[in-house]
Amino acid sequence: MNIKENIESNRLNFWEKLYLPEIAKGMASTFKAMFEPKFTRSYPEEKMTPSPSFRGRPVLVLEEDGERCVACGLCSRVCPALAIEVQAAETDRDKERYPKLFEINMLRCIFCAYCEEVCPEEAIVMSKDYELVFTSQEDAILPKEKLLVPIEELQDRLEWLRQYK
Amino acid sequence: MPQINIDGKIITAEVGKTIIEAAIQNGIHIPHFCWHPELSVAGNCRMCLVEIGMHKKTPSGTFEFTEDGTPVIQWFPKLQIACSTQVSDGMFVRIANSKVTHAQEAVMEFLLINHPLDCPICDEAGECKLQEYAFNHSNGESRFFEQKNHKPKRIEWGPNVIYDAERCISCSRCIRYAKEVAKQDVLTFVNRGDHVTIELFEGTQFDNDYSMNVIEICPVGALTSKDFRFKTRVWEMSFTESICTGCAKGCNTKIGVRNNEILRIQPNTNMYVNRYWLCDHGRLNTFRNVNENRVTHNQIKTDNIQSKVSFEEAKSFAIENIHKYKSSEIMVIGSPYSTNEDLFVLQKFAKTILKTKHLDFIPRIDDKFGDDFLKQKDVTPNTTGARELGIVPIQEGFDTSQLRKAIETNHIKCVIIMNDDLSDQPTLLKSFEELEFLITLSSNHSKLTDIADVTFALSTFAEVDGTFTNIDGRVQHFTPAIVTKENLHRMGMKMSRLDKFGAPNDHWTQKEHRDCKPGWKIITSLANSMGASWHFKTASEVFDEITKQIPSFNGMNYELINKYQGLVLGRANRPDEVLVNYVSHYMKPD
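Values in this document were obtained by computation on a predicted structure and should not be read as measured data. (Residues numbered from 1 in each chain as written. Chains lettered and ligands numbered in written order. Predicted model: local features only at pLDDT ≥ 70, side-chain atom pairs only at ≥ 80, totals over all residues. Heavy atoms only, no water.)

### Focus: the environment of E216 of chain B
All names here are of chain B. Just so we agree on the cut-off: Secondary structure counts use DSSP, requiring at least four H or I residues in a row for a helix and at least two E residues in a row for a strand, with both numbered from the N terminus. Contacts between residues were defined by any pair of non-hydrogen atoms, one from each residue, lying within 4.5 Å. For the purposes of these results, a polar contact is taken to be a pair of N or O atoms within 3.5 Å, where, inside protein, one atom must be able to donate a hydrogen and its partner to accept one; residues adjacent in sequence count only when each atom of the pair is a side-chain atom.
For E216, the position within the fold is in helix α5 (residues 213-217). Here the alpha-carbon distance between E216 and W277, two residues 61 residues apart in the chain, equals 9.1 Å. Apart from residues lying up to four places away in sequence, E216 is in contact with Q266, P267, R283 and H585. For E216, the side chain forms a polar contact with the side chain of R283, separated by 2.6 Å.

Here you go:
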């Protein structure tokens, strides 16, 4: 079939067919944007500080006397991607149970924050950390030492949770 | 027999039965904590309150009806407990009206006043009766804002049981169990009111052989197992019904598996064998050899060096050497630890392929182990089966007591031994070193596998489909709980969630799938390579062959055995009645 109707050149008027005025229009728009205020940032040098509602890397809350987590395993159970592994053990503290092993596989994590929602101790929260780069599969499985974050750094997320959870 | 009406359902119960018993036998669940069918009635939890009424009678003794035919019922002014009220003819019971529900909610609120609600820490969470009822029979609200009572925690009652007084709801099941079933009356309530707690009498320990049953009957997490404590959450395990291998009683068990490792063994109710109980030995010791020290590869010994080989290589090496001996120089030793299927195929192999008369097994009797409850003197699970299937010397063949002499006098030069490590037979084991050729089918490394010329990796009871015949001749079926390379294809849905969905880079599924086979499969393969043509593909096909060949097994099959929780030898056509098994509380969904 030979289509002669509704082709691009049929829809253009004479000035548009010339192209030159159109190029000038485009350049005007470009030059105008050059002097407008920027809304991007030069990322690696200039970092973003997300709001408390941001769901970054899940972390464990570290208090003065150790981690809050009692290794109940609910985060592991609720995790839709099976990213969390918890192995409990006994301690002499008041809370008899602590996580001997706590690992989050960041390759599996989908940042849904179900773990944070289900946690009865407010021990696992979503941090503001969004820089997640790993060089091997093994590195992406974060052990307890890498997950523990002092409670002072997580205050605004905990505050946000208390308000909106 | 009295007829009673529970919420419109008319049921018949024997005279003297309580309402709760009659209800459970008819599949009606009345919430309760302290009642247990094997224990005396305490009536102290008040959870089973129901509304009871009697059909009004006319002065002449007949039942009275209104004009439209509905019965005239005189309801008791107060609620009654179903666990200690006996049924009587014309009784009406309401178990779900608002009055009863309100009472249940009040009881739950009352029980939860001093309960610490430390479910995240508690091992019972997930299979807790209090948790379950808090969902089903509580309005979820508490009016108690004061300080909760604090009581002692982590008290060791004995070598295997730990008591947490805070979680205790004072149902007294453990006290009654210790007194009535375990016959070690060392527990009692002390103090009063909300300070009540359970203590041991001074200078005593709850160190009974059956002490760990209190862990199951405890409706909350007050009693936990020292061995299992904090090992895993219950919902992370898969549960498989199995049979205990600790002695000849054949107690029904439930195996809890996570990461291809047995973590817990619990009793499974079978009213004809172990009722609701299991001994501590069965719980603690029978799974160690499944988890530890396993033979995971077939191996052969050449020039005194053990080397790992494939199954085919091991098989051809074995057959090559078997052919060097006359049939009268070969002895086949079965095992009372093996399944009926393994033993049947082994004796068939000995009789038809090797044509040897020397066939026997070593029974294990321990007089100190037996008692008058569950534990038997015969400490192996399948001695009855081994005898029944003909693991005995044929005519003047050697038995195991003559074996040492026969080896020393060079009458026996080659031995094939299945599933027995002879660790308790040092002199016989010593004489085995003089054998020219030794083939073992072993699940665990031992001195025997060190001296063996060929070792076939054998599956344990937890990895195979099979049957054991207990001391009363009851044939009971069990299925695999643990994944091996060989049974992987049929284990998918049975595995726990974590095991099912693990990927190679996940740290939580690192336990290997062992390369071992059930005994009947190894022997069948050997036989077929030596000229036989046996077509056993599954254990149930072997069992079908047993039922055809051995008269006492006639009429049995796995389906029937499962249906009746075991069939007794020679009585397959007259099975025991199927009962409604009472289950106090368990992991749901299991």
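Now that the structure has been shown, the text picks up again.
### What to know about the pattern of salt bridges
Residue and element names in this part refer to chain B. Heads up, the condition is: Here a salt bridge means any side-chain nitrogen of Lys or Arg lying within 4 Å of a carboxyl oxygen belonging to Asp or Glu. Note on exposure labels: buried denotes an accessible area under 20% of the residue type's maximum, exposed denotes more than 50%, and partly exposed covers the range between, all computed with a 1.4 Å probe on protein chains only.
If you walk through the whole model with that rule in mind, you get 47 salt bridges over all chains. Note that E109 is salt-bridged to R143, the shortest N-O span being 2.9 Å. With E109 in helix α2 (residues 98-112) and R143 in the loop between α3 (129-136) and β7 (155-156), the pair connects residues that are 34 residues apart, well separated along the chain. Here E109 falls in the buried class, since its relative accessible area comes to 16%.

### Quick look at the pairing of strand β20 (residues 437-442) of chain B
Residues and elements named next belong to chain B. The criterion, for reference: Two strands make a pair as long as DSSP finds a minimum of two bridges between them.
β20 sits mainly inside the fold: 6 of its 6 residues count as buried. Covered by surrounding structure in β20 are F437, I439 and L441 together with L438, T440 and S442, the residues of both alternating faces. Pairing between strand β19 (residues 414-418) and β20: 5 bridges, direction parallel. Residue pairing across strands places I416 opposite I439, the latter belonging to β20. Judged from the 4 bridges that link them, β20 and strand β21 (residues 454-457) form a sheet pairing that is parallel. In the strand pairing of β21, T440 is matched with T455.

### Topic: the layout of surface pockets
Residues and elements named next belong to chain B. Cut-off, in case you're wondering: In the cavity and pocket records, a cavity denotes points on a 1 Å grid over the protein atoms alone where a 1.4 Å probe fits but cannot get out, a pocket denotes an open set with protein on both sides within 12 Å along at least 5 of 7 lines, and lining residues are residues with an atom within 4 Å of a point. Grid points are joined across faces, edges and corners, and a volume is the space filled by probe spheres set on the points. For this classification, the nonpolar set comprises Ala, Val, Leu, Ile, Met, Phe, Trp, Tyr, Cys and Pro, the charged set comprises Asp, Glu, Lys and Arg, and every other residue, Gly included, is treated as polar.
Of the pockets and cavities examined, the second largest pocket occupies roughly 760 Å³. Forming the boundary of the second largest pocket are 29 residues, of which N289, Y337, N419, D421 and S423 lie nearest the centre. Residue composition of the lining of the second largest pocket, grouped by class: 8 nonpolar, 16 polar and 5 charged.

### Describing a negative patch on the surface
Residue and element names in this part refer to chain A. For clarity, the cut-off: Patch members must show over 30% relative accessible area and no salt bridge, and they are joined within 9 Å when carrying like charges or within 5 Å when they are nonpolar side chains of Val, Leu, Ile, Met, Phe, Trp or Tyr. Computed by Shrake-Rupley with a 1.4 Å probe, the accessible areas treat only the displayed protein chains as cover when residues are assessed. Two residue types count as positive, namely Lys and Arg, and two as negative, namely Asp and Glu; His and chain ends fall outside the count. Note that the charge is assigned to NZ on lysines, CZ on arginines, CG on aspartates and CD on glutamates.
On the surface, E64, D65, E152 and E153 cluster together into a patch of negative charge. Mapped onto the fold, E153 is located in the loop between β7 (148-150) and α7 (155-164). The exposure class of E153 is exposed, given its relative accessible area of 58%.

### Section: the environment of L343 of chain B
Residues and elements named next belong to chain B. Summarising the element assignment, L343 is placed in helix α9 (residues 340-354). Classification of L343 by relative accessible area gives buried; the value is 0%. For the pair formed by L343 and I391, sequence separation is 48 residues and the distance between their alpha carbons is 7.2 Å. Other than its neighbours up to four places away in sequence, L343 contacts G334, S335, S338, N382, A386, L389, I391 and M418.

### Observations concerning the interface of chain A and chain B
Interfaces are frequently sized by the accessible area removed from exposure as the parts join. We count it as follows: In short, buried area is how much 1.4 Å probe accessible area vanishes from two parts on joining, totalled over both.
The partner chain B presents 23 residues to the 32 residues of chain A that form the contact. The three residues of chain A that bury the most area against chain B are L82, E96 and R97 of chain A, which together make up 30% of that side's buried surface. Between chain A and chain B we count 7 salt bridges in total. Here R108 of chain A makes a salt bridge to D506 of chain B, at a shortest N to O gap of 2.6 Å. Remark: the boundary between chain A and chain B carries 19 residue pairs in polar contact (both at pLDDT 80 or more). Among the secondary structure elements, those contributing two or more residues to the side of chain A that touches chain B are α4 (74-78), β3 (84-90) and β4 (97-105) of chain A. The leading source of residues in the side of chain A that touches chain B is β3 of chain A, at 7 residues. Residues of the side of chain A that touches chain B, tallied by class, amount to 13 nonpolar, 6 polar and 13 charged.

### Concerning the packing of aromatic side chains
Any two aromatic rings considered together are summarised by their centre-to-centre distance and by the angle between their planes. The condition that has to hold: Working definition: a ring pair exists when centres of Phe, Tyr or Trp rings (six-membered ring for Trp) sit within 6.5 Å. Plane angles under 30 degrees give stacked, over 60 give edge-to-face, the rest tilted. Two conditions define a charge located above a ring, namely a distance within 6 Å from the ring centre to NZ of Lys or CZ of Arg, and an angle within 35 degrees of the ring normal.
Within the structure shown, the criterion is met by 18 aromatic pairs over all chains. A centroid spacing of 5.5 Å and a plane angle of 40° characterise the contact between W160 of chain A and Y164 of chain A, whose relative ring orientation is tilted. Of this pair, W160 of chain A and Y164 of chain A are both found in helix α7, 4 residues apart, which corresponds to roughly one turn of the helix. We classify W160 of chain A as partly exposed; its relative accessible area is 25%. Ring-pair connections join several aromatic residues into one group, and the members of that group are W35, Y177, Y276, W277 and Y582 of chain B. Looking at R94 of chain B, its charged tip hangs above the ring of W75 of chain B, at a distance of 3.9 Å from the centre. One Lys or Arg, K348 of chain B, reaches over the ring of W534 of chain B and ends 4.9 Å from the middle of that ring.

### Here's the deal with a nonpolar patch on the surface
On the surface, Y19, L20, I23, M27, F31, M34 and F35 of chain A cluster together into a nonpolar patch covering about 860 Å² of accessible area. Residue position: M34 of chain A is located in helix α3 (residues 20-34).

### Observations concerning the packing of helix α8 (residues 311-322) of chain B against helix α16 (residues 519-529) of chain B
All names here are of chain B. Note the cut-off: Here, axes are lines fitted to C-alpha atoms. For helices the fit covers the stretch in contact, and angles between N-to-C directions go from 0 to 180 degrees. To sort the angles, those under 35 degrees are grouped as roughly parallel, those over 145 as roughly antiparallel, those from 65 to 115 as roughly perpendicular, and the leftovers as oblique. A crossing counts as left-handed when the near helix is turned anticlockwise from the far one by less than a right angle, and as right-handed when that turn is clockwise.
It is the contact of α8 with α16, at a shortest axis distance of 10 Å, that shows an interaxial angle of 55°. Relative to α16, the element α8 is oriented oblique. In the crossing of α8 with α16, the sense of the turn from one axis to the other is right-handed. On α16, the residues touching F311, K315, A318 and I319 of α8 are I522, S525, L526 and S529.

### Considerations on the domain arrangement of chain A
In plain terms, the rule: Domain borders in the structure are assigned automatically or taken from a domain database.
Structurally, chain A comprises domain 1 (3-34) and domain 2 (58-164). Taking only C-alpha atoms, the centre of domain 1 of chain A and the centre of domain 2 of chain A are 56 Å apart.

### Examining the state of the cysteines
Put simply, the test is: Pairs of cysteine sulfur atoms within 2.5 Å are identified as disulfides in what follows.
As enumerated under the stated definition, the model contains 0 disulfides over all chains in all. C79 of chain A supplies the cysteine sulfur nearest to C112 of chain A, a cysteine that is in no disulfide, at a spacing of 6.0 Å. In this structure C112 of chain A comes out as partly exposed when scored by relative accessible area, which is 25%. Of all cysteine sulfurs, the one in C251 of chain B lies closest to C244 of chain B, which takes part in no disulfide; the gap is 5.8 Å. When its relative accessible area of 8% is taken as the criterion, C244 of chain B is described as buried.

### As for the nonpolar core
Residue and element names in this part refer to chain B. The condition that has to hold: What is meant by a nonpolar core is a set of buried Ala, Val, Leu, Ile, Met, Phe, Trp, Tyr and Cys residues, joined one to another through side-chain atoms within 4.5 Å.
One finds W157 and Y177 to be the most contacted residues of the largest nonpolar core, which totals 89 residues. With 6 residues, α2 is the single largest residue contributor to this core. For W157, the contacting residues outside a window of four places in its chain are Y163, C174, L187, I198, L200, Q205, F206 and L223. F349, I416, I439 and A539 belong to the second-largest nonpolar core, a separate cluster that totals 56 residues.

### Considerations on the side chain of T400 of chain B
Note that T400 of chain B resides in helix α11 (residues 400-408). The exposure class assigned to T400 of chain B is buried, which follows from its relative accessible area of 15%.

### A short note on the side chain of E341 of chain B
Residue and element names in this part refer to chain B. If you trace the backbone, E341 turns up in helix α9. Buried within the structure, E341 lacks any salt-bridge partner; its nearest side chain of opposite charge belongs to R490, at an N-O separation of 10 Å. If sequence neighbours within four positions are ignored, E341 has contacts with G466, T467, W520, A539, V542, F543, I546 and Y558.

### Some thoughts on the sheet that holds strand β14 (residues 261-267) of chain B
All names here are of chain B. The strand order β12-β13-β14 describes an open sheet built from 3 strands, whose pairing is antiparallel. Looking at which strands have only one partner, the edges of the open sheet turn out to be β12 (238-243) and β14. When strand polarity is set aside, the average angle formed by the axes of neighbouring strands in this sheet is 30°. Two strands pair when backbone bridges link them, and strand β13 (residues 252-258) and β14 are joined in this way by 6 bridges, in the antiparallel orientation. Its bridge partner being in β14, R258 is matched across the sheet by E261.

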